[in-house]
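Now for the letters of each chain:
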Amino acid sequence: EGDIMEIKAVTGDIIKIKADAIIISQYEGAKRPEGDAVAADKALSGAITQLIKQGDIKGKLNEVNIIHSLGRLPAGRVAVVGLGKKRELNTNKVRGATAEACRYLRGKGVATVACGIMGGAAIKNEDAVQAMTEGAILGLYAFRRYITKPETDFGEIKELTIIGPEKRPMEKAIERGKIIAGAANYARAMGNERGN
């Protein structure tokens, strides 16, 4: 499945990244943006804070909200994905939230996505990166598998860029994630075929 989507690690600033969309995360019950979302909120003239105040962004697990940047960021859209309650966060939830955000963006015709490392201090960076890689690959695979429209009606997410402090450990974590997700997809594909 490696040919479907390129997943790469970079260091840098998420709000300077040129992509069709960036994904930022929000915890349930948080009254204001945290982490990557702070800089994005500022660039968007406080739009995220506003949506939190209005109750549109709740941070509930796997909830996705889209904000159009209207030229205020190099990325065209900002997807805010909920991670649920901070103290309950684990790699499983990071995996699921990444899958959900990627599926949602794919449905909107987004081809390139960038995302900071989800989870902050709650999870080790490498574990979070591995979970994000698995989530993106598994999420998009499942989406393709159960789609009823012809393939051509959908774009593909061609590239996911994960932004973090150190490239090398992230690259290793991405490799691990690809291997695990690839194996899971292979097993799924076998399970979906007729018995012979």
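Residues numbered from 1 in each chain as written. Predicted model: local features only at pLDDT ≥ 70, side-chain atom pairs only at ≥ 80, totals over all residues. Heavy atoms only, no water.

Engineer: Describe the environment of Pro74, naming the residues involved and giving the relevant values.
Structural biologist: Among the secondary structure elements, Pro74 is positioned in the loop between β3 (64-68) and β4 (77-82). As for Pro74 and Ala21, which are separated by 53 residues in sequence, their C-alpha atoms are 9.1 Å apart. Here Pro74 is in contact with Ile15, Lys16, Ile17, Lys18 and Ala19, once residues within four sequence places are set aside. (Helix = DSSP H or I, 4+ residues; strand = E, 2+ residues; numbered from the N terminus. Contact = heavy atoms within 4.5 Å.)

Engineer: Give me the nonpolar core: which residues, what numbers.
Structural biologist: Judged by nonpolar contacts, the single largest core of 38 residues is most densely connected at Met5, Ile23, Leu105, Met118, Leu160 and Ile162. Elements with a contribution of two residues or more to this core: β1 (6-10), β2 (21-26), β4, α3 (91-107), β5 (112-116), α4 (125-145), β6 (159-163) and α5 (167-192). Those residues in contact with Met118 that lie beyond four places of it in its chain are Ile23, Ser25, Val81, Leu83, Val94, Ala97, Thr98, Ala128 and Met132. (Core = buried A, V, L, I, M, F, W, Y, C linked by side-chain atoms within 4.5 Å. Buried < 20%, exposed > 50% of the residue type's maximum accessible area, 1.4 Å probe, protein only.)

Engineer: Explain the pairing of β6 residue by residue, including any values.
Structural biologist: Within β6, four of the five residues are buried, which leaves the element mostly enclosed by the surrounding structure. Both β1 and β6 contribute to a ladder of five bridges, which runs parallel. Across the sheet, Val10 pairs through a bridge with Ile163, a residue of β6. Note: β5 against β6, five bridges, orientation parallel. Residue pairing across strands places Gly116 opposite Ile163, the latter belonging to β6. (Pairing = 2+ DSSP bridges.)

Engineer: Can you explain the sheet that holds β3? Please cite residues and give values.
Structural biologist: Strand order in the open sheet formed by six strands is β1-β6-β5-β2-β4-β3, with mixed pairing between adjacent strands. A strand with exactly one partner marks an edge of an open sheet, and here the two such strands are β1 and β3. Adjacent strand axes in the sheet meet at a mean angle of 25° when their direction is disregarded. (Axes fitted to C-alpha atoms, helices over the stretch in contact; angles between N-to-C directions.)

Engineer: So, the state of the cysteines: which residues are in play, and what are the values?
Structural biologist: By the definition in use, this model includes zero disulfides. Free of any disulfide, Cys115 has its nearest neighbouring cysteine sulfur in Cys102, separated by 7.8 Å. Taking relative accessible area as the criterion, Cys115 reaches 2% and is therefore assigned buried. (Disulfide = S-S within 2.5 Å.)

Engineer: Explain the pattern of salt bridges residue by residue, including any values.
Structural biologist: Using the criterion set out here, one finds twelve salt bridges in the structure. Ionic pairing is found between Lys8 and Glu159, a salt bridge with its closest N-O pair at 3.7 Å. Remark: Glu159 occurs in strand β6 and Lys8 occurs in strand β1; sequence separation between them is 151 residues. Note on Glu159: relative accessible area 22%, which makes it partly exposed. In this structure, the salt-bridge partner of Arg168 is Glu171, at a minimum N-O distance of 3.2 Å. In this pair, Arg168 and Glu171 both sit in helix α5, three residues apart, roughly one turn of the helix. Accessibility expressed as a relative area gives 47% for Arg168, which makes it partly exposed. Judged by its relative accessible area of 30%, Glu171 falls in the partly exposed class. Counted as one network, the salt bridges with shared partners bring together Glu28, Lys60 and Lys85. (Salt bridge = Lys/Arg side-chain N within 4 Å of Asp/Glu carboxyl O.)

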